[in-house]
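Structural description and commentary
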Amino acid sequence: MSGHDPDTLDFYQREAAAYAAASLDGIDHHLAGFLARLKPGSRILELGSGSGRDAQAMLARGFDVVPSDGAPAMAAQAEARLGIPVRVLRFEELDDVADYDAIIATAALLHVPRPALPGILMRIARALKPGGWHVASFKIGGTEGRDSIGRYYNYPDKTALEGWYIAAGPWTCMEFQAFEGGGYDGSRSHWLAITVQKPV
C-alpha cells in the first residue's frame, strides 16, 4: 500500500525551491525536549527533511543525522543547505532494521493516507534500535481532507492517533504535546506531537 499521496508529493517536488526559501531558521519548538532525551552523537533518521532546517540544527548539536525526503527536488534543496547527502526516501520504502537511536518526522507523517499509516508506523518501529525514540507531529481535526493548496492531510484526533501507534507498538512510553502553529498556506492549525519509545 502506498504511503504517500501522489498529488501532495508532486506539490513538494514542484514547489521545493519556494518552500525551502519560506522556511524559518531554528528548530521546531517541540523538538528541543525530545532531543534532550538522546545521548550525544545519537544516530537520527529524519523523515521529511524539507528545507533541511531541523537537520541543520541537529547536526550543529552533534547528532549523527540521516536526512531524507520523498521528493527529489526537496531533497536537493536540503542537500544544498546541509552540504551532506540527503536520502530520497518515501515512507513505504523504509526497510532499515534496528538502525537508529531516534526517528523524527516533523510535519511529515501527516500526509500519509490513513489506510497506510499503521504499516508506516510498523516500519518506523522496526527501524529503531531497542530503546530508540520516535517523535512526529500532526495537524489534528478528525476527518481526512486537503488544505487550500491541495495537499492531503490525515487530520487525526488524539484517539485515532493513539490507536494507530498502539497497533504499531509495543511502546514503553507514549506522550502527547498539543500546540498551535502555522502552515505554508498561511493558515493556523491545532497540532499534536506524539513521542514514543521502543522497548529495550
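The paragraphs below set out a description of the structure included in this document. (Residues numbered from 1 in each chain as written. Predicted model: local features only at pLDDT ≥ 70, side-chain atom pairs only at ≥ 80, totals over all residues. Heavy atoms only, no water.)

A separate point is the overall build of the protein. Assigned secondary structure in the protein consists of seven helices and nine strands. Taking 16 Å as the expected radius of gyration for a compact globule of 200 residues, we find that the protein reaches 15 Å, a close match to that expectation. A principal-axis box enclosing the C-alpha atoms of the protein has dimensions of 40 × 40 × 30 Å. Excluding contacts between residues fewer than 6 apart, the proportion of contacts in the protein whose partners are at least 24 apart in sequence is 66%. Of the roughly 8700 Å² of accessible surface on the protein, 53% is carried by carbon and sulfur atoms. Side chains of the protein give 19 positive and 24 negative charges; the mean places of these two sets differ by 4 Å. (Helix = DSSP H or I, 4+ residues; strand = E, 2+ residues; numbered from the N terminus. Rg over C-alpha atoms; globule rule 2.2 N^0.38 Å. Contact = heavy atoms within 4.5 Å. Areas by Shrake-Rupley, 256 points an atom, 1.4 Å probe, with all protein chains shown as cover. Lys, Arg positive; Asp, Glu negative; His and termini not counted. Charge placed at Lys NZ, Arg CZ, Asp CG, Glu CD.)

Here we take up the pairing of strand 2 (residues 64–69). Counted residue by residue, strand 2 has five buried out of six residues, so it is predominantly covered. Pairing analysis gives four bridges linking strand 1 (residues 43–46) to strand 2, with the strands arranged parallel. For E46, the partnering residue across the bridge sits in strand 2 and is P67. Note that the unit made of strand 1, helix 4 (residues 53–60) and strand 2 has a crossover that is right-handed. Since strand 2 and strand 3 (residues 87–88) lie parallel, the crossover through helix 5 (residues 72–82) that links them has a hand, and here it is right-handed. (Buried < 20%, exposed > 50% of the residue type's maximum accessible area, 1.4 Å probe, protein only. Pairing = 2+ DSSP bridges. Right-handed = clockwise from strand over helix to strand, strands pointing away.)

Another aspect to go through is helix 5. M74, A75, A78 and L82 are the residues of helix 5 that are buried. Viewed along the axis of helix 5, the buried residues span an arc of 100 degrees, placing them on a single side of the element. Buried residues along helix 5 sit against helix 1 (6–14), helix 2 (16–22), helix 4, strand 2 and strand 3. Two residues or fewer past helix 5, G83 is found with a positive phi of approximately 75 degrees. (Arc of directions from axis to C-beta.)

Next up on the list: the side chain of K139. Tracing the chain through its elements places K139 in strand 5 (residues 128–139). Within the local environment of K139, its side chain forms a polar contact with the side chain of Y153, the two groups lying 3.5 Å apart. When near neighbours in sequence (up to four residues on either side) are disregarded, K139 contacts L110, R151, Y153, Y155, P156, G183, S187, S189, H190 and W191. (Polar contact = N/O pair within 3.5 Å; in protein donor to acceptor, adjacent residues only side chain to side chain.)

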